[in-house]
Amino acid sequence: MSLLIPPLPRSSSVNDSGHLEVAGCDVIELAGEFGTPLYIYDEQELRDRCRAYMDAFSSRCENFEVIYASKAFSCVAICQLVAREGLSLDAASGGELYTALAAWFPPEKIFLHGNANTAAELDFAIRSEVGHIVIDSLDEMVKVAGIAARQGRRQPVLLRITPGIEAHTHDFIQTGRLDSKFGFPLAGGTALDAVAAAQTAADIELVGVHAHIGSQIFALKPYRRTVAVLADFLAAAREKHGFDCRLLDLGGGLGAVYGPGDDPPAIDQLAEAVVSSVAAEMERRGLPLPRIAVEPGRSIVANAGLTAYEIEAVKTVFDVRNFVAVNGGMSDNLRPMLYGAGYQALIADRPLAEPTMTAAVAGKHCESGDILVKAAPLPEPRPGDILVTPATGAYGYSMASNYNGQPRPAVIFVKAGEARVVIKREAYEDLVHLQEKLE
Ligand code: LLP
């Protein structure tokens, strides 16, 4: 029987034992074999979402690039997977770059981002021959040019522009509006001046511009407005500085489904909006058509992932609330605490059973706010049950910590009834292996 909880991977079903199954794997058995908390990704769902992006763009334009934003979930296996699906990769730091290179990701298909890259990170990126560095400030431009000169290279770059667009999403994950630490603002001619500076810098090659307006976006209008605003900017940059943009990178941001009310546009609709508005806005201003890029993270990985926990305790605070405490929490999924993000919960050996109580799913950390799900309807939850939160594939493991000495969970990929570990569970020894004893 297929299980119609939309945030779960499409391969999810209830098997003959009545258990939740993902990609042919029984979640109770996975929890027994690999332990909990456990991050489970449906490999085919990851591939299908990469392909949905590639197909949506290739059917509409010839000159495009889909860049996986690895900050959403970065490990060697996902870098290998997206490389094989033909995507490029956004690395937001030296560490994400290192991970991609450890997966033999083609460096020419890597974009290095960041608003505070160190000289060491830039040196590493340029030495690794990354395809593009997305320049965030004049200070970074000077650093990149200097390092490229010392290495005898000419580094292709994009300029990150802050378009001043307000996308309706959580304040902390909104990045394109004017009051932002990211990029060159259009206001006051700052971005135009940056074009001139990049053109005159000897050891960098200005290829194009980039903008990212936010994350968990459910509307297409902000993307169309961004294209129009950038097109105005490119018209001015052409007129004033003779700059022809060859690569227009519109960032990521497409939303994922976390609960019943979430209805993000389809990947295909995003591609249609982006490709048609770039064509129209460029033509209207007599500008040449650039290569179009997008940088999805969440919309590729969020709904391909889920987390399995074990219930450790169930308690009722009379007349107030029921609590179901699990063996993970803010150390493996910080999003509820950081953004008030909502998740759902189900019990893996009876996912379709009638709920008997509503409970807050509490994490194991020493913080009252460590609540993974505020009010989950659950069927007689008991210690030892395996509780699953769907849609944890994006910004879950990548924001995990060792708070309270909690080892980070294992991550597995499941496919056609087979499971394999892609990130091992940390052991207690890992918590201290970088530490030195006092004399
Ligand atoms: N490109 C750039 C330059 C970005 O800053 C981001 C995300 C992306 C692409 C990918 O955006 P996505 O398609 O995943 O929405 N930790 C937050 C999300 C932070 C997003 C930061 N930038 C969360 O858990 O919701």
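Here the structure is a predicted model, which means the values were calculated and not measured.

Thresholds, definitions, all that
- Residues numbered from 1 in each chain as written.
- Predicted model: local features only at pLDDT ≥ 70, side-chain atom pairs only at ≥ 80, totals over all residues.
- Heavy atoms only, no water.
- Helix = DSSP H or I, 4+ residues; strand = E, 2+ residues; numbered from the N terminus.
- Rg over C-alpha atoms; globule rule 2.2 N^0.38 Å.
- Buried < 20%, exposed > 50% of the residue type's maximum accessible area, 1.4 Å probe, protein only.
- Polar contact = N/O pair within 3.5 Å; in protein donor to acceptor, adjacent residues only side chain to side chain.
- Phe/Tyr/Trp six-rings, centres within 6.5 Å; stacked < 30°, edge-to-face > 60°.
- Near = heavy atom within 4 Å.
- Nonpolar A, V, L, I, M, F, W, Y, C, P; charged D, E, K, R; others polar.
- 1 Å grid on protein atoms, 1.4 Å probe; cavity = no way out; pocket = protein on both sides within 12 Å on 5 of 7 lines; lining within 4 Å.
- Points joined across faces, edges and corners; volume = space filled by probe spheres on them.
- Contact = heavy atoms within 4.5 Å.
- Domains from an automatic or database assignment.
- Buried area = accessible area lost by both parts, 1.4 Å probe.
- Salt bridge = Lys/Arg side-chain N within 4 Å of Asp/Glu carboxyl O.
- Pairing = 2+ DSSP bridges.
- Axes fitted to C-alpha atoms, helices over the stretch in contact; angles between N-to-C directions.
- Parallel < 35°, antiparallel > 145°, perpendicular 65-115°, else oblique.
- Left-handed = near helix turned anticlockwise from the far one by under 90°.

K.L.:
I'm lost on the overall build of the protein chain in this one. Help?
P.N.:
When helices and strands are tallied, the protein chain shows twelve helices and 21 strands. For 439 residues, the compact-globule estimate of 2.2 N^0.38 gives 22 Å, and the C-alpha radius of gyration of the protein chain, at 23 Å, lies within 12% of that figure. The dimensions of the protein chain, computed from C-alpha atoms along their principal axes, are 70 × 60 × 45 Å. Per-residue burial over the protein chain gives 56% buried out of 439 residues.

K.L.:
So what exactly am I meant to see when it comes to the side chain of Ser215 here?
P.N.:
Relative to the helices and strands, Ser215 resides in the loop between strand 11 (204-210) and helix 8 (221-241). Taking the relative accessible area as the measure of exposure, Ser215 reaches 9% and is therefore buried. A polar side-chain atom of Ser215 sits 2.8 Å from a polar atom in the side chain of Arg298.

K.L.:
Help me understand the packing of aromatic side chains in this model?
P.N.:
In this description, a pair of aromatic rings is defined by centroid distance and the angle of the planes. Counting across every chain of the model gives six aromatic pairs. Between the aromatic rings of Tyr41 and Phe413, the centroid separation amounts to 5.9 Å while the plane-to-plane angle is 65 degrees, which identifies the pairing as edge-to-face. With a gap of 372 residues between them, Tyr41 in strand 4 (residues 38-42) and Phe413 in strand 20 (residues 410-415) connect regions that are remote in the sequence. Here a set of aromatic residues connected by ring pairs shows up, and it is made of Tyr41, Phe73 and Phe413.

K.L.:
What exactly am I supposed to notice about the site of the ligand here?
P.N.:
For the ligand, the set of nearby residues contains 19 residues, the closest of which are Ser215, Glu295, Arg298, Arg335 and Tyr395. Within the side chain of Glu295, an N or O atom sits 2.6 Å from a nitrogen atom of the ligand. Residue Tyr395 places a side-chain N or O atom 2.6 Å away from an oxygen atom belonging to the ligand. Grouping the constituent residues of the shell around the ligand by class yields six nonpolar, seven polar and six charged.

K.L.:
Help me understand empty space enclosed by the protein, please; the structure alone is not making it clear to me.
P.N.:
The probe, sized like a water molecule, is rolled over the atoms to show the empty space still left. As enumerated under the stated definition, the model contains two cavities of 30 Å³ or more in all. Along the walls of the largest cavity sit Leu234, Phe243, Asp244, Cys245, Met282, Leu287, Pro288 and Pro290, which together make up its complete lining. In the lining of the largest cavity, the residues fall into seven nonpolar, no polar and one charged. Here the second largest cavity is characterised by a volume of approximately 40 Å³. Lining the second largest cavity are Tyr53, Tyr223, Gly251, Gly252, Gly253, Leu254, Leu270, Val294, Glu295, Pro296 and Ser299. Split into classes, the residues belonging to the lining of the second largest cavity amount to six nonpolar, four polar and one charged.

K.L.:
Is there a simple way to explain the environment of Gly164 in this structure?
P.N.:
Looking at the element boundaries, Gly164 is found in the loop between strand 9 (155-162) and strand 10 (184-185). The exposure class of Gly164 is partly exposed, given its relative accessible area of 33%. Between the alpha carbons of Gly164 and Thr226 there is a distance of 8.5 Å; along the sequence they are 62 residues apart.

K.L.:
So what exactly am I meant to see when it comes to the environment of Glu121 here?
P.N.:
Within the secondary structure layout, Glu121 lies in helix 5 (residues 119-127). Between the C-alpha atoms of Glu121 and Ser93, which are 28 residues apart in sequence, the distance is 7.1 Å. The residues contacting Glu121, other than those within four sequence positions of it, are Ser93, Gly94 and Ala116. At 2.9 Å, the side chain of Glu121 and the backbone nitrogen of Thr118 are in polar contact.

K.L.:
Please explain the domain arrangement of the protein chain as it appears in this structure.
P.N.:
One widely used convention gives an interface's size as the accessible area the parts lose upon coming together. Taken domain by domain, the protein chain consists of domain 1 (13-42 + 302-432) and domain 2 (113-296). At the interface, nine residues of domain 1 touch eight residues of domain 2. When domain 1 packs against domain 2, the two sides together hide about 770 Å² of surface, and 55% of this comes from carbon and sulfur. Summed over the shared surface of domain 1 and domain 2, the number is zero salt bridges. On inspection of domain 1 and its partner domain 2, the count reaches one residue pair in polar contact (both at pLDDT 80 or more). Looking at the side of domain 1 that touches domain 2, its residues break down into five nonpolar, three polar and one charged.

K.L.:
Help me out: how do you make sense of the sheet that holds strand 2 (residues 20-22) in this one?
P.N.:
Strand-to-strand pairing in sheets goes through backbone hydrogen bonds, with the strands running parallel or antiparallel. Ordered by their spatial adjacency, three strands build an open sheet running 1-2-3, and the pairing between neighbours is antiparallel. Sheet topology places strand 1 (13-14) and strand 3 (25-26) at the edges, where each strand pairs with a single neighbour. Of the pairings in the sheet, the one linking strand 1 to strand 2 comprises two bridges and is antiparallel in character. In the sheet register, Ser13 faces strand 2, and the bridge partner there is Glu21.

K.L.:
Mind showing me how you'd approach the layout of surface pockets here?
P.N.:
Approximately 320 Å³ is the volume found for the second largest pocket. In terms of lining residues, the second largest pocket is bounded by 19 residues, among which Arg49, Pro265, Ala266, Ile267 and Ser299 are the most central. Among the elements that take part in the lining of the second largest pocket, helix 2 (residues 43-58) stands out by supplying four residues, more than any other. In terms of residue class, the lining of the second largest pocket is made up of eleven nonpolar, three polar and five charged.

K.L.:
When you look at the packing of helix 4 (residues 94-102) against helix 5 in this model, what are you seeing that I'm missing?
P.N.:
Helix-helix packing is characterised by the crossing angle of the two axes and by the distance between the axes. The contact between helix 4 and helix 5 brings their axes to 10 Å, and the two run at 25 degrees. Of the possible angle classes, the one that applies to helix 4 and helix 5 is roughly parallel. Judged by the sense of rotation from one axis to the other, the crossing of helix 4 with helix 5 is left-handed. Contacts from Gly94, Leu97, Tyr98 and Leu101 of helix 4 reach helix 5 at Glu121, Phe124 and Ala125. In the contact of helix 4 with helix 5, the residues fall into five nonpolar, one polar and one charged.

K.L.:
Where do I start with the pairing of strand 21 (residues 418-423) in this structure?
P.N.:
A regular strand places its side chains so that they alternate between the two faces of the sheet. Note: strand 20 against strand 21, five bridges, orientation antiparallel. Its bridge partner being in strand 21, Val411 is matched across the sheet by Ile423. Here strand 20 folds back onto strand 21 in antiparallel fashion, the turn holding two residues, of which Ala416 has a positive phi close to 45 degrees.

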